[in-house]
Amino acid sequence: MEISRSLFHFFVLVLLLLLTSSTPTNANVEGDALFSLRRAVKDPHNLLQSWDPTLVDPCTWFHVTCDSDNRVTRLDLGSAKLSGNLVPELGKLERLQYLELYMNELVGPIPEEFGGLKSLVSLDLYRNNLTGTIPSSLSKLSNLKFLRLNGNRLSGRIPRELTKLGNLKIIELSDNDLCGTIPTSGTFSKFSQESFSNNPRLEGPELMGFVRYDVGGNCK
C-alpha cells in the first residue's frame, strides 16, 4: 500500500512538472515584454486595453498574432496614434516575424536589443519621431526582408554591417538626418538612391577605393 501511495505521489509530481514546462514560461516572458511596451506608450484609443498582464497567454490580446506553439509572430499597431518610447524588452520575442509600428508618434532610439529578433522578416517603424543611430545589431536579423525606417529623425552613419543581410529586399531610410556615405557593397548594390533620399548630410554613393566610409568628421 505504501509503495502504491508513493508511486501515486511521484506521478502527481511529474504531472505538475509537465504542466509548468517551457510553453507557459515562454508565454510569460513574451507577455511581460509586450506589457512593457504598453506601459511605455500613451494609447489614446485604448487599442491595448485587452493587454492584461494577469493572463498567462498574450495570444488572446488584440493586435497580437501567435503560432501553433502560442509564440508571438506578429505585432500590428500601425497608425495607432501611440506615443512614447520603444522598449528593449521587445527583443525577447524570438519568433516575431512582423513588427508593425509605423505611422505613430514614437520617440527615442531604436533599442539595440532588436537584434535579438532572430525570426524577423519585416521591421516597419517608418513615419515616427525616432532619434539616435540605426543599431548595427540589426545586422543579426538574417531573415529580414523589409527594413523601413524612413520619415524619422535618425542620425549618424548607415551601419556597414547591414550590407551582410542577404535576404534584404527593400530598405527605406529616406527623410532622416543620416550622414556619411551610402554603402554600395553586398545587398546594398541593388538599392536605388531613392531609398536614401532627403538626408541632407548623407553623401554618396560610396565608390570603393575612392570615397572613404569615415569621410566627414562631424557625422554623428
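Everything quoted here is computed from the prediction, not taken from an experiment. (Residues numbered from 1 in each chain as written. Predicted model: local features only at pLDDT ≥ 70, side-chain atom pairs only at ≥ 80, totals over all residues. Heavy atoms only, no water.)

1. Concerning the sheet that holds strand β6 (residues 105–108)
Our working rule: Two strands make a pair as long as DSSP finds a minimum of two bridges between them. The numbering of helices and of strands both runs from the N terminus, where a helix is a DSSP run of H or I of at least 4 residues and a strand a run of E of at least 2.
Within the open sheet, the 4 strands sit side by side as β1-β4-β6-β8. Their pairing is mixed. Sheet topology places β1 (41–42) and β8 (129–130) at the edges, where each strand pairs with a single neighbour.

2. Considering the sheet that holds strand β7 (residues 122–124)
The condition that has to hold: To define axes, lines are fitted to C-alpha atoms, for helices over the stretch in contact only, and angles between the resulting N-to-C directions are given on a 0 to 180 degree scale.
As summarised here, the arrangement of the 6 strands in space is β2-β3-β5-β7-β9-β11, forming an open sheet in which the pairing is mixed. Both outer strands of the open sheet, β2 (64–66) and β11 (170–172), are each paired with one neighbouring strand and no more. Geometrically, the sheet is characterised by an average inter-axis angle of 15° between neighbouring strands, direction not taken into account. Where β7 meets strand β9 (residues 146–148), 3 bridges bridge the pair, whose relative direction is parallel. Looking at the pairing, Asp124 lines up with Arg148 of β9.

3. Brief notes about the side chain of Asn176
The following threshold applies: In the analysis that follows, any N or O atom pair within 3.5 Å is treated as a polar contact, provided that within protein one partner can donate a hydrogen and the other can accept it, and provided that, for residues neighboring in sequence, both atoms belong to side chains. Residue contacts are defined here by distance: any two heavy atoms, one from each residue, within 4.5 Å place the two residues in contact.
Among the secondary structure elements, Asn176 is positioned in the loop between β11 and β12 (177–181). Reaching out from Asn176, the side chain makes a polar contact with the backbone nitrogen of Asn152 at a distance of 3.3 Å. Discounting chain neighbours no more than four positions away, the residues touching Asn176 are Leu149, Asn150, Gly151, Asn152, Arg153, Leu154, Asn198, Asn199 and Pro200.

4. Details of the pairing of strand β3 (residues 72–76)
Bridge count for β2 against β3 is 3 bridges, and the pairing is antiparallel. Bridged to Cys66 within β3 is Val72. Counted along the chain from β2 to the antiparallel partner β3, the turn is 5 residues long, and its residue Asn70 has a positive phi close to 60°. One ladder, built from 3 bridges, connects β3 with strand β5 (residues 98–100); its direction is parallel. Within β5, the position partnered with Asp76 by the bridge is Glu100.

5. A short note on the nonpolar core
Operational definition: Residues belong to a common nonpolar core when they are buried Ala, Val, Leu, Ile, Met, Phe, Trp, Tyr or Cys residues joined through side-chain atoms within 4.5 Å. Exposure classes here rest on a 1.4 Å probe applied to the protein chains alone. A residue is buried below 20% of its type maximum, exposed above 50%, and partly exposed in between.
In terms of nonpolar packing, the biggest core is built from 47 residues, with Leu34, Trp51, Leu75, Leu77, Leu99, Leu147 and Phe196 touching the most fellow members. Elements that contribute at least two residues to this core include exactly α2 (22–40) and β3. In terms of residues, this core owes the most to one element, α2, which gives 3 residues. Aside from chain neighbours lying at most four places away, what touches Phe196 is Ile158, Ile171, Leu173, Ser174, Ile182, Phe188, Phe191 and Leu202.

6. Side note on the pattern of salt bridges
The test is simple: When a carboxyl oxygen of Asp or Glu is within 4 Å of a side-chain nitrogen of Lys or Arg, the pair counts as a salt bridge.
What the rule picks out here adds up to 7 salt bridges. For Glu30, the salt bridge goes to Arg71, with nearest N and O atoms at 3.0 Å. A residue pair is termed long-range when its members are at least 10 positions apart, and Glu30 in helix α2 and Arg71 in the loop between β2 and β3 qualify at 41 residues. Relative accessible area serves as the criterion here: at 1%, Glu30 is assigned to the buried category. Residues joined by salt bridges that share partners form a network here, namely Asp67, Asp69 and Arg95.

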